[in-house]
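Here is how the chains run, residue by residue.
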Amino acid sequence: MRSRICGTGSALPKREVTNDDLSKIMDTSDEWIKSRTGIGARHLAVEETLTQLAAQAASQALQEAGVRSEELDMIIAATLSADNILPSLSCELQRELGAKNAVAFDINAACSGFLFALQTADAYIRCGQCQKILIVGGEILSKMVDWNDRSTCVLFGDGAGAAVIQGSETPGILSSVSGSDGAKGEALFCKNRENHNPYVKGATEVSYVSMNGQEVYKFAVRTVPKAILEAVNKAGLLIEDIDLFVLHQANMRIIESVSKRLKVPIEKFPVNLETCGNISAGSVPVLLDAVNQKGMLKKGDKIVLAGFGAGLSWGACVLVW
């Protein structure tokens with residue numbers, strides 16, 4: 001038994017914040033942000049919760065797949081910014097959808113999370129333990145960044161994307177690769193709440209996302225092309241056989257560098273950085289749904305999905321649509 005994606009969905013908060021909007025509350029400009037990142041705007045949650053966004057994306061994916069929530073065997077949520085430490089986002093989502101027969105758990109692999117969730121779902125289906133799995137990648141990163149630090153806060157957006165994975169006699173997911181380099185993990189860092197039991201002395205501090213941009217950039221442009229080539233070779237294909245490359249939306253310079261290193265036309269790399277920014281685990285599924293809804297995916301197309309980021313971690317997958 002193999003597995004394939006049979007439905008996608010996405011949801012973004014209503015509030016769109018442009019670079020010009022940010023320039024009114026901090027020392028930045030549209031030119032400064034766009035020239036360095038390719039980002040023009042992002043959606044920030046004001047009233048929405050991550051559970052609400054994830055449920056909206058999931059409902060769309062289920063509808064497209066023609067799958068009822070009660071038919072789901074499993075729900076996997078990829079996030080680092082769930083509404084609660086517990087219960088998990090996946091269990092909150094199970095409740096919202098009425099997916100009473102699904103086992104639910106979360107994965108925290110930051111920007112690679114959706115790829116890790118997809119690979120996990122594929123493994124469960126291949127071994128025969130599950131037939132229908134919902135995977136969601138989503139974040140509300142706006143609550144985790146320091147809004148006085150223009151080097152990081154301008155990069156991130158909020159949102160959620162989802163996909164339904166089903167067992168199939170014909171292969172959909174052809175190959176996957178993944179990796180981690182924890183020794184360099186402090187390049188992208190955010191501490192959890194500190195221990196404050198009665199025996200710990202000293203005040204606790206709130207930690208925000210911090211990033212060594214140069215280190216993350218060097219990691220991405222070195223690792224992502226290598227991972228994509230490995231996954232494509234593992235699938236028995238050539239890089240020229242791939243119709244679309246759906247990459248994590250971190251920085252336009254990274255995407256352009258990957259395109260150049262792989263010697264693939266930039267037109268094969270769809271982007272939504274201009275309007276969404278970096279949504280971490282939500283980035284790949286939100287973009288995948290966008291190209292799906294725009295009719296850019298045809299049956300039989302060969303697609304690469306790739307995520308990379310904090311951990312440091314990375315993942316790539318080759319699939320047939």
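Because the structure is predicted, anything quoted here is derived from the model rather than measured.

What is the right way to look at the overall build of the protein chain in this model?
Secondary structure assignment for the protein chain yields ten helices and 13 strands. In terms of overall size, the protein chain behaves like a compact globule, its C-alpha atoms giving a radius of gyration of 19 Å where 321 residues would be expected to give roughly 20 Å. Each principal axis of the C-alpha distribution contributes one length, and for the protein chain these read about 55 × 50 × 40 Å. Taking the intrachain contacts of the protein chain between residues at least 6 apart in sequence as the baseline, contacts between residues at least 24 apart amount to 77%.

Before we go on, may I ask you to explain the sheet that holds strand β13 (residues 313–320) in this structure?
Taken together, four strands build an open sheet; the order of strands is β8-β13-β12-β11 and the sheet is mixed. The strands lining the two open edges of the sheet, one partner per strand, are β8 (173–180) and β11 (244–247). The average undirected angle you get between the axes of adjacent strands in this sheet is 10°. Looking at chain direction, strand β12 (residues 302–309) and β13 are connected through eight bridges and run antiparallel. Across the sheet, F308 pairs through a bridge with W314, a residue of β13. On top of the sheet, helix α10 (residues 283–293) reaches β11 and β12; it is set at about 140° to β11, its chief contact.

How should the nonpolar core be read in this particular structure?
A general trend in soluble globular proteins is that nonpolar side chains are found buried together. Of all hydrophobic cores here, the largest spans 48 residues; its most connected members are I228 and F245. Within the residue set of this core, elements represented by two or more residues are α7 (213–234), β11, α8 (252–262), β12 and β13. Among the elements that make up this core, the one with the highest residue count is α7 (nine residues). Non-local contacts of F245, meaning those with residues more than four positions away in its chain, are made with I228, I239, L262, V264, K268, F269, P270 and V304. I76, L115, A117 and L297 belong to the second-largest nonpolar core, a separate cluster that totals 32 residues.

I keep staring at the packing of helix α3 (residues 50–65) against helix α4 (residues 89–97) and nothing clicks. Help me out?
For any two helices packed against each other, one specifies the inter-axial angle together with the distance between the axes. Between α3 and α4, the least distance of the axes is 9 Å, while the angle of their chain directions is 60°. Compared by their axis directions, α3 and α4 come out oblique. As α3 packs across α4, the resulting crossing turns out to be right-handed. Along its contact with α3, which presents L50, T51, A54, A55, A58, S59 and L62, the element α4 presents L89, E92, L93, E96 and L97.

I'm lost on the environment of A77 in this one. Help?
Structurally, the position occupied by A77 is in strand β4 (residues 74–78). The spacing of A77 and G137 is 60 residues in sequence and 5.9 Å in space, taken between C-alpha atoms. With near-sequence residues (within four places) excluded, A77 lies in contact with L89, S90, F105, D106, I107 and V136.

Help me out: how do you make sense of helix α5 (residues 113–126) in this one?
One full turn of an α-helix is made of 3.6 residues, so residues set three or four places apart face in the same direction. With 14 residues, α5 ought to run about 20 Å at 1.5 Å a step, and its terminal C-alpha atoms sit 20 Å apart, in line with that. α5 sits mainly inside the fold: ten of its 14 residues count as buried. Along α5, the positions that sit buried rather than exposed are G113, F114, L115, F116, A117, L118, Q119, A121, D122 and I125. Just downstream of α5, G128 is the residue with a positive phi angle, here 85°.

Explain empty space enclosed by the protein here, please?
Unoccupied space between atoms shows up once a probe the size of one water molecule is rolled over them. Under the criterion given, the structure shown has one cavity of 30 Å³ or more. Of the volumes computed, that of the largest cavity is approximately 30 Å³. In terms of lining residues, the largest cavity is bounded by S3, R4, I5, G172, I173, L319, V320 and W321. At the level of elements, β1 (2–11) and β13 are the ones that each hand at least two residues to the lining of the largest cavity. Taken together, the residues that form the lining of the largest cavity break down as five nonpolar, two polar and one charged.

Is there a simple way to explain the pattern of salt bridges in this structure?
Pairing is possible between side chains that carry opposite charge, provided their charged atoms lie close to one another. One pass over the structure, following the stated rule, counts twelve salt bridges. Here E194 makes a salt bridge to K191, at a shortest N to O gap of 3.4 Å. Take E194: its relative accessible area is 29%, and that puts it in the partly exposed class.

Rules and cut-offs
Residues numbered from 1 in each chain as written. Predicted model: local features only at pLDDT ≥ 70, side-chain atom pairs only at ≥ 80, totals over all residues. Heavy atoms only, no water. Helix = DSSP H or I, 4+ residues; strand = E, 2+ residues; numbered from the N terminus. Rg over C-alpha atoms; globule rule 2.2 N^0.38 Å. Contact = heavy atoms within 4.5 Å. Pairing = 2+ DSSP bridges. Axes fitted to C-alpha atoms, helices over the stretch in contact; angles between N-to-C directions. Core = buried A, V, L, I, M, F, W, Y, C linked by side-chain atoms within 4.5 Å. Buried < 20%, exposed > 50% of the residue type's maximum accessible area, 1.4 Å probe, protein only. Parallel < 35°, antiparallel > 145°, perpendicular 65-115°, else oblique. Left-handed = near helix turned anticlockwise from the far one by under 90°. Expected span 1.5 Å × (residues − 1). 1 Å grid on protein atoms, 1.4 Å probe; cavity = no way out; pocket = protein on both sides within 12 Å on 5 of 7 lines; lining within 4 Å. Points joined across faces, edges and corners; volume = space filled by probe spheres on them. Nonpolar A, V, L, I, M, F, W, Y, C, P; charged D, E, K, R; others polar. Salt bridge = Lys/Arg side-chain N within 4 Å of Asp/Glu carboxyl O.

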